[in-house]
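Examination of the molecular architecture
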Amino acid sequence: MASTSRAIGTTQLPGYETLASHLELLLTSHSPSFIYLYDPETPRIAASAVRSVLQTVSEQEPLVHLRYACSNAVACFTPRLFYDSVINALARWTPTWEDGCQNWPGTSADGQRWNESLDTFVHGLRDVYAQVQASVHGSSSQDRGQVKGKAKARVMQPEGDEAYRLVLVIERAERLRETMPDLVVPLTRLAELAQLDIVTIFISDVRWEDIRPSLGASPEPFYMDAPLISKQATLEMLESLYPTQNYVPGNIHQDTYDPALRPLYSHFLETLYSICSPFTHDPYELAYIAAARWPGFVKPLLMLQGRTSPRAHCNADGRKNSRQAGDLSDGEEELSEIVPPTEDTRIRLTRIFTPTFTAALEALYPRLTNAEHWARANMPDEAMLAALAAGLRPGIGGHVDGALGSGVDALPRLAKFVLVAAFLASTNPPKTDMRMFGRGRDERAKRRRRRGGGPRRPKAGSTGAGVKIPQHLLGPTAFPLDRLLAILGVLLEENDAEARPLAPQFTLPGEYTDMEISRLAVYGQIMELASMRLLLRASPDKLESTPTYKCGISYETALALAKDVGIMLNDLLWEVV
């Protein structure tokens, strides 16, 4: 997809400036031989920052002539793959098909294999080190091939103030314990084994204490902790990936990433982050989800402006080749520039597509499918344009806001009771539950006196000029699960008793209802409504905490649901809308 086609560069990593400066200072001075970089949330961003610093230092070469190799412990799952990738990267050797995909042959004429064992790998590192020195001092490969033993060791010593350093970066280092456990200790002591100035950097989202070899076999590393990326920094990274106008992927409409839509893209990212941030803060994952949802998000807007046909052709490399006005064929009109959406249109689009963000997260974050297939399967059709033009707000994937639509209307009867109870719990203050839902003798008297009485008098010493904003204007409030079940029990007892099958074994009042609300089907219905974004979970997904929710439907939808199941909604509201 378009948003993930470009890598996040050095200048696009806000928050990593301090880490980059410290690492650059270490690599250009007396660096420790083993560095452990811990990033619990975004290890790929940390790896990008490390690669950027290495690239900068290797190009400048003030006093340190640096060669580096970046390896991934997931991709290099065998020692041979690991040895070959590291040696080729340090020697700046790229295997080609014409040469038979041969690895770096070394400085000798006959060539050697560096992937046989750890010993040959160490010899390969020493040969690369000699090559780095020779490339700086202009020595011929033939002279270097004739130097052996102690003489070769003397050649590899730095001359004057110049230093030669090899850097080995291993991403996902925690996987080494599973795939190559015998290499963990040698890699941490690589400078000691090879007798070279070589730095090993482990990058992982697991702490060193969890993967440390036993019996103190590995030395203590130099610890570095990556900073936690803030919301603003994450949004800046995502906005920097917005494609420029001169590049559009061939499988996406040309106007999808028009510069006029960039403000809308910023609001789109904020909504996406608010939904996905409880599960992941990785900008790469968020960019992957945004790339799958954005084309469908702006398609209704493009269709409203008549952008059903492309206005520009794409070359083979994906660059747009805009046509001039004289190149238009007969009957084809020149399209005007895209008009940015109004605030009302932006809010309407956001409310329509918000439920699909959760669906995209559930399908794309665990990679159950790829972004292109998901975007194609969830692309809105012509009916969406007609609904927007008519001023409706239809839901996608079963969620409807506003009037009662086909998605909510098709819910089971129990789910409608749960939604009405959730709306009452989100609208009424908790301290009013006894007055509104208490069915004892005293509670009914208090309720009648409160409704029949006059307006409340202001307290002594106050002017009474303060006006309290109604709760339905402030938005839904969070409520615990037990409060939802208590209100649900009252609604079922008063409005669903006649529809139940006969159960003579229940003789006490409310006993049948207590049994009904404790069934597994009620909890399953709550989880289903939460997955449809009709109920919004407000608490973290932890077993030790009480789950809290917010109602995700409007007053009109709740009123229609209440009428469908025979509930007088306005009589149960503390502040009548």
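Everything below is about the structure printed above this text.
Below: a short report on this structure. Bear in mind that the values here come from a model prediction, so they are computed numbers and not experimental data. (Residues numbered from 1 in each chain as written. Predicted model: local features only at pLDDT ≥ 70, side-chain atom pairs only at ≥ 80, totals over all residues. Heavy atoms only, no water.)

1. Some thoughts on the overall build of the chain
- Scanning the chain for helices and strands turns up 25 helices and 10 strands.
- By the burial criterion, 44% of the 577 residues in the chain qualify as buried.
- The contacts of the chain with a sequence gap of at least 6 include a subset with a gap of at least 24, amounting to 75%.
- Carbon and sulfur atoms make up 53% of the accessible area of the chain, which totals about 30200 Å². (Helix = DSSP H or I, 4+ residues; strand = E, 2+ residues; numbered from the N terminus. Buried < 20%, exposed > 50% of the residue type's maximum accessible area, 1.4 Å probe, protein only. Contact = heavy atoms within 4.5 Å. Areas by Shrake-Rupley, 256 points an atom, 1.4 Å probe, with all protein chains shown as cover.)

2. Section: the packing of helix α18 (residues 413–427) against helix α24 (residues 520–531)
- Between α18 and α24, whose axes approach to 10 Å, the crossing angle comes to 70°. In terms of orientation, α18 and α24 fall into the roughly perpendicular class. The way α18 lies across α24 gives a crossing that is right-handed. Side by side, α18 and α24 meet where Leu 414, Ala 415, Val 418 and Leu 419 of the first sit next to Ala 521, Val 522, Gln 525, Ile 526 and Leu 529 of the second.
- The class makeup of the residues in the contact of α18 with α24 is eight nonpolar, one polar and no charged. (Axes fitted to C-alpha atoms, helices over the stretch in contact; angles between N-to-C directions. Parallel < 35°, antiparallel > 145°, perpendicular 65-115°, else oblique. Left-handed = near helix turned anticlockwise from the far one by under 90°. Nonpolar A, V, L, I, M, F, W, Y, C, P; charged D, E, K, R; others polar.)

3. Section: the pairing of strand β10 (residues 548–551)
- What you see with β10 is a clean split: Tyr 549 and Cys 551 sit on the buried side and Thr 548 and Lys 550 on the side with no burial.
- Relative to β10, strand β8 (residues 479–480) is paired through two bridges, and the arrangement is antiparallel. Bridging across to β10, Phe 479 finds its partner in Tyr 549.
- As paired elements, strand β9 (residues 535–537) and β10 share three bridges and run antiparallel to each other. Across the sheet, Leu 535 pairs through a bridge with Cys 551, a residue of β10. (Pairing = 2+ DSSP bridges.)

4. Describing the environment of Asp 496
- For Asp 496, the location among the structural elements is in the loop between α22 (481–495) and α23 (511–517).
- Look at Asp 496 and you get buried, because its relative accessible area is 14%.
- Linking Asp 496 and Phe 417, residues 79 residues apart in sequence, is a C-alpha distance of 9.4 Å.
- In this view, Asp 496 contacts Arg 413, Phe 417 and Leu 491; residues no more than four positions away in its chain are not counted.

5. Topic: the pattern of salt bridges
- Counting across every chain of the model gives 15 salt bridges.
- Between Arg 483 and Asp 433 there is a salt bridge, with the nearest N and O atoms lying 2.6 Å from each other. Here Arg 483 is found in helix α22, whereas its partner Asp 433 is found in helix α19 (residues 433–437), with 50 residues between them in sequence.
- By relative accessible area, Asp 433 is classed as buried at 16%.
- Each of Arg 44, Asp 282, Glu 285 and Arg 367 takes part in one network of salt bridges that share partners. (Salt bridge = Lys/Arg side-chain N within 4 Å of Asp/Glu carboxyl O.)

6. Some words on unusual backbone geometry
- Positioned with a positive phi, Leu 215 is a non-glycine residue whose angle comes to about 65°.
- Its identity as a non-glycine residue notwithstanding, Arg 533 has a phi of 65°, on the positive side.
- Summarising the element assignment, Arg 533 is placed in the loop between α24 and β9.

7. Some details on the sheet that holds β9
- Read across the sheet, three strands follow the order β8-β10-β9 without closing on themselves; strand pairing throughout is antiparallel. Every interior strand has two partners, whereas the edge strands, β8 and β9, have only one.
- Contacting β8, β9 and β10, α18 crosses the sheet at an angle of about 95° to β10.

8. Description of the packing of aromatic side chains
- Summed over all chains, the structure comprises 20 aromatic pairs.
- Between Tyr 83 and Phe 121, the ring centres sit 4.7 Å apart and the planes meet at 20°, which makes this aromatic pair stacked. Of this pair, Tyr 83 sits in helix α3 (residues 79–90) while Phe 121 is found in helix α4 (residues 118–137), placing the two residues 38 residues apart along the sequence. Pair check on accessibility: Tyr 83 and Phe 121 agree, each one buried.
- Aromatic pair Phe 423 and Tyr 555: ring centres 6.2 Å apart, planes at 40°, arrangement tilted. (Phe/Tyr/Trp six-rings, centres within 6.5 Å; stacked < 30°, edge-to-face > 60°.)

9. So, helix α1 (residues 17–27)
- Those residues of α1 not exposed but buried are Leu 19, Ala 20, Leu 23, Leu 26 and Leu 27. Angularly, the buried residues of α1 cover 125° about the axis, an arc narrow enough to put them on a single face. The exposed set on the far side of α1, more than 90 degrees from its buried face, consists of Glu 17, Thr 18 and Leu 25.
- Close packing links the buried residues of α1 with β1 (34–38), α2 (43–60), β2 (64–72), β3 (163–171), β4 (198–204) and β5 (222–225). (Arc of directions from axis to C-beta.)

10. Structural notes on the packing of α1 against α2
- Where α1 meets α2, the closest approach of the two axes is 10 Å, and the angle between their N-to-C directions is 45°. Taken together, the axes of α1 and α2 are oblique relative to one another. Where α1 crosses over α2, the handedness of that crossing is right-handed. Along its contact with α1, which presents Ala 20, Leu 23, Glu 24 and Leu 27, the element α2 presents Val 50, Val 53, Leu 54, Val 57 and Gln 60.
- Residue composition of the contact of α1 with α2, by class: seven nonpolar, one polar and one charged.

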